[in-house]
Amino acid sequence: MSENWLKVGKFDDIPKLGSRLVKTADGDIAIFRTSEDEIFALRDSCPHKQGPLSQGIVYGKKVSCPLHDWKIHLDTGLAVAPDEGCTASFPVKIDAGIVYISLDEKKTEE
Ligand code: FES
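These figures come from a predicted structure and were not determined experimentally. (Residues numbered from 1 in each chain as written. Predicted model: local features only at pLDDT ≥ 70, side-chain atom pairs only at ≥ 80, totals over all residues.)

Caption draft 1: Structural context of the overall build of the protein chain. When you go through the protein chain residue by residue, the secondary structure sums to 0 helices and 10 strands. Secondary structure elements of the protein chain, listed N to C terminal, follow the sequence β-β-β-β-β-β-β-β-β-β. Computed over C-alpha atoms, the radius of gyration of the protein chain comes to 13 Å, within 12% of the 13 Å expected from 2.2 N^0.38 for 110 residues, which places it in the range of a compact globule. Along the first, second and third principal axes, the C-alpha atoms of the protein chain reach 40 × 25 × 20 Å. Sorting the 110 residues of the protein chain into buried and exposed places 32% on the buried side. For the protein chain, restricting intrachain contacts to residue pairs at least 6 apart in sequence, the fraction spanning at least 24 positions comes to 42%. (Helix = DSSP H or I, 4+ residues; strand = E, 2+ residues; numbered from the N terminus. Rg over C-alpha atoms; globule rule 2.2 N^0.38 Å. Buried ≥ 20, exposed ≤ 12 C-beta atoms within 10 Å, placed from the backbone. Contact = placed C-beta atoms within 7 Å.)

Below, the structure written as structure tokens:
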């Protein structure tokens, strides 16, 4: 596991069923919070045509892309079938109410 944790901000500042956009040296990353208060981080780029997933609608553990409504799994970045594709997902941790992400992409098994 990476030790290169990047501080994103307070957990409480991420709206439930919403997201926050973080600009990193590695590009824009969207941090999502589910109704269950889980946090996930995906590259802010839909695997279809790079739509801004941070502006999509979160439901369950998925986000629907604002452009053409593809559904993306928040935990893996994989598109929900029948669509195919994968956006990068990143490890997240919460420590004392502060959210951190690692820029070392999670490896997704398709
Ligand atoms: S760019 Fe996301 S569904 Fe088309």
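Caption draft 2: Structural detail: the sheet that holds strand 6 (residues 62-64). If you trace the 3 strands from one edge of the open sheet to the other, you get 5-6-7, paired in antiparallel fashion. Where the open sheet ends on each side, the last strands, each with one partner, are strand 5 (57-59) and strand 7 (71-73). Adjacent strand axes in the sheet meet at a mean angle of 30°, parallel and antiparallel pairs treated alike. (Pairing = 2+ DSSP bridges. Axes fitted to C-alpha atoms, helices over the stretch in contact; angles between N-to-C directions.)

Caption draft 3: Examining the environment of Leu-103 more closely. Within the secondary structure, Leu-103 is located in the segment after strand 10 (98-102). Owing to 17 C-beta atoms within 10 Å, Leu-103 belongs among the partly exposed residues under this scheme. As a C-alpha pair, Leu-103 and Ala-25 span 78 residues in sequence and 9.0 Å in three-dimensional space. Not counting the four nearest positions on each side in its chain, Leu-103 is found in contact with Asn-4, Leu-6, Thr-24, Asp-26 and Phe-90.

Caption draft 4: Molecular detail of the nonpolar core. Counting 23 residues, the largest nonpolar core has Ile-29, Ile-31, Phe-32, Ala-41, Leu-42, Leu-53 and Ile-72 as its most contacted members. Breaking this core down by element, the ones donating at least two residues are strand 3 (27-33), strand 4 (39-43) and strand 10. Those residues in contact with Leu-42 that sit more than four places away from it in its chain are Ala-30, Leu-53, Ile-72, Leu-74, Gly-77, Thr-87, Ala-88 and Ser-89. (Core = buried A, V, L, I, M, F, W, Y, C linked by C-beta atoms within 7 Å.)

Caption draft 5: Region of interest: the environment of Phe-32. For Phe-32, the position within the fold is in strand 3. According to the C-beta neighbour criterion, Phe-32 is buried, with 25 such atoms within 10 Å. In the structure, Phe-32 is positioned 11 residues away from Leu-21 in sequence and 8.9 Å away in space, judged by C-alpha atoms. Residues in contact with Phe-32, not counting those within four places in the same chain, are Ser-19, Ile-39, Phe-40, Val-58, Val-63 and Leu-74.

Caption draft 6: Quick peek at the sheet that holds strand 3. An order of 2-3-4-8 is seen for the 4 strands of this open sheet, with the pairing classed as antiparallel. Either end of the sheet is taken by a strand with one partner, and the two such strands are strand 2 (18-24) and strand 8 (89-90). With 2 bridges joining them, strand 4 and strand 8 adopt antiparallel strand pairing. Residue pairing for strand 8: Ala-41 is matched across the bridge by Phe-90.

Caption draft 7: Fine view of the environment of Leu-67. In this structure, Leu-67 sits in the loop between strand 6 and strand 7. Ignoring sequence-local partners within four residues, the contact set of Leu-67 consists of Cys-46, Lys-49 and Gly-51.

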